[in-house]
Amino acid sequence: MEQITLDISRVYDFVSAEEIKKLSGETLSAQQTLYQGDGQGNDYLGWLHLPSEIAQEQIVGIETAVAGLKEKTEVLVVVGIGGSYLGARAVNDALAHNFSHLKKGQKAPHMLFAGHNIGEDYMHELLELLDEQSYSIVVISKSGTTTEPALAFRILKNHLEEKVGKKEARDRIIAVTDSSKGALRQLATDEGYRSYVIPDNVGGRFSVFTPVGLIPLAICGVDIRQLVAGAKEMSQSCDPALPFEENPAALYAATRNALYRSGKKIELLVNYHNKLHYVSEWWKQLYGESEGKKGKGIFPAAVDNSTDLHSMGQYIQEGERTLFETVISVEKTDHQVKVPGDPANLDQLNYLEGKNIDHVNKMAELGTILAHLDGGVPNIRISVPALNAHWLGQLLYFFENACGISGYMLGINPFNQPGVEAYKKNMFALLEKPGFEEESAQIKSRL
Ligand code: PA5
């Protein structure tokens, strides 16, 4: 079966194959904790078997349900933050045309985002654009009370209702939220919006294969059948019954922990394909929010190469030696562009005549990996056959599964995010939210 492959051989100069193998017992025990569901955060394990549990009828149901909306929508605004938007954005951006917003004749709706920041100018400019577009909204919030998306949705709902009328606006809004709790569930019920449920046992950053990812992606024309099929295949490849050496998630978890324990505290997710930028953003949230606890955790960072070789490359090559890299390499491009010959050859590029651009990219990748190894940066490589929904499904599930194992190896609860509350408390105190009077007084005394 063709699938995503993991190569850890380029870390052996830093942590040996034997050292990684020595972690197999610990890795398998973390994996057991995950699969037996007896570890910390075990009420959030709904994502683990999700790809095999999604019935074909559910996918067909989603495709059918959104077909009408898809037809009349030019722009889909996905309102959400963190795990409630990054999965859809990662997959959509990886698969959409680079210039879909300017390209004529695009059939699928363009996916835009709101509620992932608190930018006033962003909102103003979005509304300006939406004045001219036929648009719909998918509002996503598990808690239904997160400030950023709630604020954005309040504004967008008003805008849409004023633009197309309350009845049509109702047809153009879909809510994805908790089955019974939270303000968004209440609002969806009161307003009569179509709504989908985020399962109780799936946290935001693990929710891409729930309606959180599937609904907006289906509206924007992504093949969600293939996305889920890819994830399902990968869930079989990560089966705990497989030997350690054959299980990519276990191997990745063990390798990154071995590197961490050897002093490599920062993992850089590196891509050589610009469409993967938001896969890295999604991955940063997955690992950062899952592992950064109790004063521990590998710091997840990312670069887009070769672009960032001209900005971050110097640090990676010669800065503090606490980095390791995980490179996502896409084997095949979708299109071919060859380097033309030029009789004048002033740019001295004729030696590349007839070669594909991707050949140059692959040599940049290989050259960089070797240079970084020489500079003391170990390298894990994940090879993805091509950029499509199927391989993305595999890739995202692979990272989720490895994250669960890796988190337990670190001895933390990978499925909570208590630290996210600290800024909210201060923000509410500063905004003088009712109920925060005491915190308000306290924080003001610090200013
Ligand atoms: O992964 C998480 O749990 C978070 O990133 C949440 O997804 C994010 O904070 C948004 O929360 P909510 O969906 O409740 O609005």
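## Considering a negative patch on the surface
Together, Glu120, Asp121, Glu125, Glu128, Asp131 and Glu132 make up a negatively charged patch on the protein surface. Following the sequence through the fold, glutamate 132 ends up in the loop between α6 (120–131) and β4 (135–141). A relative accessible area of 64% places glutamate 132 in the exposed class.

## Overview of a nonpolar patch on the surface
Residues Ile118, Leu151 and Ile155 make up a contiguous nonpolar surface patch of about 260 Å² in total accessible area. Mapped onto the elements of the fold, isoleucine 118 is located in the loop between β3 (110–114) and α6. Owing to a relative accessible area of 55%, isoleucine 118 belongs among the exposed residues under this scheme.

## Considerations on the nonpolar core
The nonpolar side chains of soluble globular proteins are, as a tendency, buried together. Core analysis: the largest hydrophobic core is formed by 95 residues, its most contacted members being Trp47, Phe209, Tyr252, Trp282 and Phe399. Broken down by element, this core gets its largest block of residues, 14 residues, from helix α16 (residues 389–410). Here this core gathers at least three residues from each of two domains, domain 1 (5–40 + 230–415) and domain 2 (50–227). Apart from the residues within four sequence positions on either side, tryptophan 47 is in contact with Leu34, Asn201, Val202, Phe206, Tyr397, Glu400, Asn401 and Phe415. Listed in part, the 21 residues of the second largest apolar core include Val75, Ala152, Leu156 and Leu184.

## Side note on the side chain of histidine 372
Here histidine 372 shows up in helix α15 (residues 357–374). What histidine 372 contacts, discounting residues up to four positions off in sequence, is Leu309, Gly313, Ile316, Gln317, Glu325 and Val377.

## Some details on the sheet that holds strand β7 (residues 266–271)
In spatial order, the strands read β1-β10-β9-β7-β8; together these five strands make up an open sheet with mixed pairing. Of all strands in the sheet, those bounded by a partner on one side alone are β1 (5–7) and β8 (299–304). Sheet twist, expressed as the mean angle between neighbouring strand axes with direction ignored, is 20°. In the sheet, strand β9 (residues 323–332) pairs with strand β10 (residues 379–386) via seven bridges, with the strands oriented parallel. Counterpart to threonine 326 in the pairing with β10 is isoleucine 380.

Thresholds applied
Residues numbered from 1 in each chain as written. Predicted model: local features only at pLDDT ≥ 70, side-chain atom pairs only at ≥ 80, totals over all residues. Heavy atoms only, no water. Patch = residues over 30% accessible without salt bridge, like charges linked within 9 Å, V, L, I, M, F, W, Y side chains within 5 Å. Areas by Shrake-Rupley, 256 points an atom, 1.4 Å probe, with all protein chains shown as cover. Salt bridge = Lys/Arg side-chain N within 4 Å of Asp/Glu carboxyl O. Lys, Arg positive; Asp, Glu negative; His and termini not counted. Charge placed at Lys NZ, Arg CZ, Asp CG, Glu CD. Helix = DSSP H or I, 4+ residues; strand = E, 2+ residues; numbered from the N terminus. Buried < 20%, exposed > 50% of the residue type's maximum accessible area, 1.4 Å probe, protein only. Core = buried A, V, L, I, M, F, W, Y, C linked by side-chain atoms within 4.5 Å. Domains from an automatic or database assignment. Contact = heavy atoms within 4.5 Å. Pairing = 2+ DSSP bridges. Axes fitted to C-alpha atoms, helices over the stretch in contact; angles between N-to-C directions.

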